[in-house]
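Residue-level structure breakdown
Single-letter residue listing:
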Amino acid sequence: MSLPLEGVRILAFTQLGAGPYAMTVLGDLGAEVIKVEDPITGGDEARNVPPYARGGDSLYFQSLNRNARSVTLNLRVPAGRELLHRLVGVADAVYANARGDLPEKLGLDYPSLKRFNPRIVCCSLSGFGKTGPMRSEPAYDYLIQAMAGFMSVTGEPDAPPTRCGVSVVDFSAGLLSAVALLVGLLRARATGVGCDIDVSLLDTAISMLNYMAAWTLNSDYRVERRPDSAHQTLVPSQTFATRDGFIVVMCMKEKFWQRLCERIGTPELAADPRYATFADRLRNRDTLVVRLKEIFRTRSAAEWLSLLRGHVPCAPVHSVEEALRDEQVIAREMIVSYAHPQFGKLRVVGCPIKIEGVQPRYGPASALGADTADVLRDLLGLADAEIQALARAGAI
């Protein structure tokens, strides 16, 4: 069966994490991602990110760029810019994740490219967007977690501000930009007119504040870090230490509180008026949590999970290694493998989007510039002599 995005061709000016993640998801589902890299600088810096980096490739690079073809293109020379315009004529989209001011400067925006393809969709994913006083500044996940308030609400109350260990802003912004790109493509196919799309890491992170933002903007509520990674207002919803590890229990509905009391053998807590409702338990959080902590320390994590699963939302606190071998993760085909010329059998995480009857495509990212000649022959019909001339001109 054909993949749902087959026939979609994207010229991807991507680097490091956020943009390549977006292209990986679209590429898994059939989009032809042509990664355009600078031959002068050595391409995407992710190729050299340690550990396990060698020969212009790395596990970091492969984890974020699978299925991508690599074309080198030097936009500093006229022949390189002309070649870009010819490639735009046979593409559906141009995607760039760079500073907000660079798409216009590099000629990767819709006003610069529409005369070569009026249907082209130009998607920009930047740190701060294409407008505002910080548009020309670089940004990374860590910086945005700090600026958007994430670090102020992560970690224990008496600890320094803490970053989430996973690049949540990069990957969330990547997914939003992938959605935005598909929306732009749908509109272009319906109207014959492309557009510019502007997505930023900061906008994404601020949008993820969501209910915390609503509380802050409309009341005097102050969002603060809670002990044991507890939910701001719903009790009990937090980490508990067991005899041999940690679990998370989340009573996000009233019925789960009743079930928790039943499963841990404390009917007196369910009947106690101090803990009858969400509001009551929030008001009396300290006394309730102390009692629950005492109870959860009496058994192992496995014993508690066996008692609670299927009745109360709960989960073990896994290490990365444990997460990757979890039976649910394996059942969902989230660990996949394919052959790689340097790393042999390469095992990576799979596509998170499951579509009935669709098997995602998995393959290695190409070496720097490995597909330049093939792309120019196949898409533009260039002869070998023309390709060699472009190389001599420094365009590729």
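Just so you know, these numbers come straight off a predicted model, no measurement behind them. (Residues numbered from 1 in each chain as written. Predicted model: local features only at pLDDT ≥ 70, side-chain atom pairs only at ≥ 80, totals over all residues. Heavy atoms only, no water.)

**What about the pattern of salt bridges?**
Rules: Whenever Lys or Arg places a side-chain nitrogen within 4 Å of a carboxyl oxygen from Asp or Glu, that contact is recorded as a salt bridge. Only DSSP runs of H or I reaching four residues or more are called helices, and only runs of E reaching two or more are called strands; each is numbered from the N terminus. For the exposure calls, accessible area comes from a 1.4 Å probe over protein chains only, and a residue counts as buried if that area is under 20% of its type's maximum, exposed if over 50%, partly exposed in between.
Summed over all chains, the structure comprises 19 salt bridges. Among the ionic pairs, E37 bridges to R47, the shortest N-O distance being 2.7 Å. Of this pair, E37 sits in strand β2 (residues 32-37) while R47 sits in the loop between β2 and β3 (53-54), and the two are ten residues apart along the sequence. As far as the burial class goes, E37 and R47 line up, both buried. Where E303 meets R243, a salt bridge forms, and the shortest distance between an N and an O atom there is 3.3 Å. In this pair, E303 is assigned in helix α13 (residues 301-308) and R243 in the loop between β9 (237-241) and β10 (246-250), connecting sequence segments 60 residues apart. Using a relative accessible area of 55% as the deciding quantity, one classes R243 as exposed. Ionic contacts of the salt-bridge type, sharing partners, join the residues R9, E32 and R69 into one network.

**Brief notes about empty space enclosed by the protein**
Basically, it comes down to this: The pocket and cavity definitions rest on a 1 Å grid over protein atoms only: a 1.4 Å probe that fits but cannot leave marks a cavity, an open set with protein on both sides within 12 Å along at least five of seven lines marks a pocket, and residues lining either have an atom within 4 Å of a point. Grid points are joined across faces, edges and corners, and a volume is the space filled by probe spheres set on the points. Gly is placed with the polar residues, together with every amino acid not listed as nonpolar (Ala, Val, Leu, Ile, Met, Phe, Trp, Tyr, Cys and Pro) or charged (Asp, Glu, Lys and Arg).
Enumeration according to the criterion identifies one cavity of 30 Å³ or more in this entry. The computed volume of the largest cavity comes to approximately 40 Å³. What lines the largest cavity is simply A12, T14, P20, M23, T24, V33, K35, L64, N65, R66 and A68. Among the elements of the structure, α1 (18-28), β2 and α2 (59-65) are those that each provide at least two residues to the lining of the largest cavity. Of all the elements, α1 adds the most residues to the lining of the largest cavity, at three residues. Along the lines of polarity and charge, the residues of the lining of the largest cavity split into six nonpolar, three polar and two charged.

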